[in-house]
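# Coordinate inspection notes
Now for the letters of each chain:
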Amino acid sequence: MAKLIVGNWKMNGLGPALAEAQAVAAGLAGSLAGSLGGTLGGSGVRVGLCPPATLIERMARSLSGSPVLVGGQDCRAEASGAFTGDVSAEMLSEAGAVLVILGHSERRAGCGETDALVAAKVEAALRAGLEPIICVGETLAEREAGRAVAVVATQVRGSLPQVLAGRAFSVAYEPVWAIGTGLTPTTAQIEEIHAAVRAEMSAVLGVPGARAPILYGGSVKPANAAEILSVAEVGGALVGGASLKSADFLGIIAGAG
Ligand code: 13P
């Protein structure tokens, strides 16, 4: 299955940053035409960028005709209403998004998002025709207590609604302690958690839901991308800091070829 490589710009990027997105699209086009052709194109690596909400419409417009998918970083579960400051899945879709990141640890920890709320947002994303990327991951304290597998399994069970079965989505395993720290789990640790995520997906959604890719996120960079992306059950990457620079992001995408 095609690997999915998605950049999460978080709360970074004003208008001039769109040049980086265009450079990613140009780099992909160049790769298709050049020596990497067939690895990026033939095996079908899918590439996405999730800028801040203010840039979604402009990015979607400037990338139209390119294979780069545009996504949001969160949405409200309701379609509309008196929710000051929030953005619905329908609004993201109208702006040109096709992906949406949900349940990122920065929202779980910083905005008190529970598994049940994440599941409601996933349903909203599907309602609006968006492809959700559902994030899970343990804290350092939870890992040190030997609870990483249990914590992640509980998050998967609670955050994936039944309606996902047969729909396009992915799960992203992002250990909280690896985000923005330069630390990464060992390949054995990634493999263990991804296997547990796959087992939970199968238990919750049955066979049709169990085929969705499981991304890894947390300090992915060009130097470690190929190794991480070759681990069993790693179906792609969710990239933070290294997605802000087109050269780094393209280097990671090359690692998926
Ligand atoms: P970094 O790649 O900066 O560690 O961030 C990972 C992340 O949180 C992506 O959603």
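Here, every reference points to the structure presented above.
Scope of this entry: the structure provided in the associated data block. (Residues numbered from 1 in each chain as written. Predicted model: local features only at pLDDT ≥ 70, side-chain atom pairs only at ≥ 80, totals over all residues. Heavy atoms only, no water.)

## Examining the packing of helix α9 (residues 222–229) against helix α10 (residues 246–254)
Counted only if it meets this: An axis is simply a line fitted to the C-alpha atoms; with a helix, the fit covers only the stretch in contact. Between two such axes, the angle follows the N-to-C directions and lies from 0 to 180 degrees. What counts as a helix is a DSSP run of H or I of at least four residues, what counts as a strand is a run of E of at least two, and both are numbered from the N terminus. Angles below 35 degrees are treated as roughly parallel, those above 145 as roughly antiparallel, those between 65 and 115 as roughly perpendicular, and all remaining angles as oblique. In this scheme the handedness of a crossing depends on how the near helix is turned from the far one: anticlockwise by less than a right angle means left-handed, clockwise means right-handed. When checking whether two residues touch, look at their non-hydrogen atoms; a contact exists if any pair is within 4.5 Å. Residue polarity follows a fixed list, in which Ala, Val, Leu, Ile, Met, Phe, Trp, Tyr, Cys and Pro are nonpolar, Asp, Glu, Lys and Arg are charged, and the others, Gly among them, are polar.
It is the contact of α9 with α10, at a shortest axis distance of 8 Å, that shows an interaxial angle of 25°. The orientation of α9 relative to α10 falls into the category roughly parallel. In the crossing of α9 with α10, the sense of the turn from one axis to the other is right-handed. Every residue of α10 that contacts α9 at Pro222, Ala225 and Leu229 is listed here: Asp248, Gly251 and Ile252. Considering only residue class, the contact of α9 with α10 consists of four nonpolar, one polar and one charged.

## Quick look at the pairing of strand β2 (residues 46–50)
The condition is simple: Between buried and exposed lies partly exposed: a residue is buried under 20% and exposed over 50% of the maximum accessible area for its type, with that area taken using a 1.4 Å probe on protein chains only. DSSP calls a pair of strands paired once it identifies at least 2 bridges connecting them.
Across the five residues that make up β2, a large majority, four, are buried. The pairing of strand β1 (residues 4–8) with β2 spans five bridges and is classified as parallel. Opposite Val6, over in β2, you have Gly48 as the bridge partner. Two elements, β2 and strand β3 (residues 69–72), share two bridges in a ladder whose sense is parallel.

## With respect to the environment of Ala25
Its location among the elements puts Ala25 in helix α1 (residues 18–33). Overall, the relative accessible area of 12% leaves Ala25 in the buried class. Considered as a pair, Ala25 and Pro67 are 42 residues apart in the sequence and their alpha carbons are 7.2 Å apart. Excluding residues within four positions of it along the chain, Ala25 makes contact with Leu63, Ser66 and Val68.

## Description of the site of the ligand
Defined as follows: Near, as used in this document, describes a residue that has one of its heavy atoms within 4 Å of the molecule or strand being considered. In protein, a polar contact means a hydrogen-donor-capable atom and an acceptor-capable atom, both N or O and within 3.5 Å, with residues adjacent in sequence counting only if both atoms are side-chain atoms; elsewhere, any N or O pair within 3.5 Å suffices. Where accessible areas are quoted, they stem from the Shrake-Rupley method and a 1.4 Å probe; at the residue level, only the protein chains shown are allowed to cover. Of the grid points, spaced at 1 Å and generated over the protein atoms alone, those admitting a 1.4 Å probe that cannot get out make up cavities, while open sets with protein on both sides within 12 Å along at least five of seven lines make up pockets; any residue with an atom within 4 Å of a point is treated as lining. Molecule-in-pocket calls rest on the fraction of atoms, with more than half required to lie within 2 Å of the cavity or pocket grid points.
In the vicinity of the ligand, 13 residues are found, and the nearest of them are Lys10, His104, Glu174, Gly180 and Ser219. Within the backbone of Gly240, one N or O atom sits 2.9 Å away from an oxygen atom of the ligand. Residue Gly241 places a main-chain N or O atom 2.8 Å away from an oxygen atom belonging to the ligand. When the free accessible area of the ligand is taken as 310 Å², the share hidden by the protein chains comes to 94%. Judged by its atoms lying within 2 Å of the grid points, the ligand is housed in the second largest pocket. The class makeup of the residues in the shell around the ligand is four nonpolar, seven polar and two charged.

It is worth stressing that arrangement in space is one thing and function is another; only the former is reported here.
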